[in-house]
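# Inside the fold
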Amino acid sequence: MTSPTPGESHTVERTFTTEEVDAFADLSGDTQPQHTEPDDEGRRMVHGLLTATLPTQIGGEQEVLAHTMEFTFSRPVYTGERITCTWTYETVEELADRYDISASVVCSRGDEPVLSGTVTGLIWKDAAE
């Protein structure tokens with residue numbers, strides 16, 4: 001991996017499945033009916049924090065150790081919907097042993113944002129080189 005630069009973006013896409021919602025419900029203990037029972041269209045609502053695994057995936061790929069993550073959940077996500085998440089580095093401060101970073105994230109269903117937020121953290125230089 002190369003050193004991060006302001007304005008650099010990374011994107012992932014995912015369609016959450018019923019099995020993933022079930023696994024997350026079991027893991028998190030959040031078994032509210034909207035996550036466990038299908039709606040009139042046969043869909044299940046994806047947990048907000050399961051949706052937030054999209055920016056987490058990008059952070060993992062970039063070897064970011066997160067310090068803060070702040071998300072706004074603006075629309076529900078349902079199983080079977082394709083969600084695209086874009087992570088954009090806003091600031092990168094180079095220090096002797098690491099890069100301190102901040103990034104904006106936006107997860108969308110088509111043109112409609114479903115989650116937005118910011119991440120701060122660090123990337124150790126040996127991971128970036």
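The paragraphs below set out a description of the structure included in this document.

## Remarks on the overall build of the protein chain
The number of helices and strands found in the protein chain is five helices and five strands. Starting at the N terminus and ending at the C terminus, the protein chain contains elements arranged as β-α-α-α-α-β-β-β-β-α. With respect to the principal axes defined by its C-alpha atoms, the protein chain has extents near 55 × 30 × 20 Å. In the protein chain, which comprises 129 residues, the proportion classed as buried is 37%. Within the protein chain, counting contacts between residues at least 6 apart in sequence, those at least 24 apart form 69% of the total. Total accessible area on the protein chain stands at roughly 7000 Å², and carbon and sulfur atoms take up 50% of it.

## Re the sheet that holds strand 5 (residues 112-124)
In a beta sheet, neighbouring strands are held together by backbone hydrogen bonds and run either parallel or antiparallel to one another. Taking strand neighbours across the sheet as the criterion, the five strands line up as 1-3-4-5-2 in an open arrangement whose pairing is antiparallel. Lying at the two open borders of the sheet, with one neighbouring strand each, are strand 1 (9-15) and strand 2 (65-73). On average, adjacent strands in this sheet sit at an angle of 20° to one another, irrespective of strand direction. Relative to strand 3 (residues 82-94), strand 1 runs antiparallel, the two being bridged by seven bridges. Paired with His10 across the bridge in strand 3 is Trp87. Running over the sheet, helix 4 (residues 53-61) touches strand 1, strand 2, strand 3 and strand 4 (98-109) and is turned about 135° from strand 1.

## Side note on the packing of aromatic side chains
Two measures describe an aromatic ring pair: the distance that separates the ring centres and the angle between the ring planes. One pass over the structure, following the stated rule, counts two aromatic pairs. With centroids separated by 6.0 Å and ring planes inclined at 80°, the aromatic side chains of Trp87 and Tyr89 adopt a geometry described as edge-to-face. Residue classification places Trp87 among the buried residues on the basis of a relative accessible area of 1%. The class for Tyr89 is buried, based on a relative accessible area of 1%. Note that Arg43 overlies the ring of Tyr78, its terminal NZ or CZ placed 3.8 Å from the centroid.

What counts as what
- Residues numbered from 1 in each chain as written.
- Predicted model: local features only at pLDDT ≥ 70, side-chain atom pairs only at ≥ 80, totals over all residues.
- Heavy atoms only, no water.
- Helix = DSSP H or I, 4+ residues; strand = E, 2+ residues; numbered from the N terminus.
- Buried < 20%, exposed > 50% of the residue type's maximum accessible area, 1.4 Å probe, protein only.
- Contact = heavy atoms within 4.5 Å.
- Areas by Shrake-Rupley, 256 points an atom, 1.4 Å probe, with all protein chains shown as cover.
- Pairing = 2+ DSSP bridges.
- Axes fitted to C-alpha atoms, helices over the stretch in contact; angles between N-to-C directions.
- Phe/Tyr/Trp six-rings, centres within 6.5 Å; stacked < 30°, edge-to-face > 60°.
- Lys NZ or Arg CZ within 6 Å of the ring centre and 35° of its normal.

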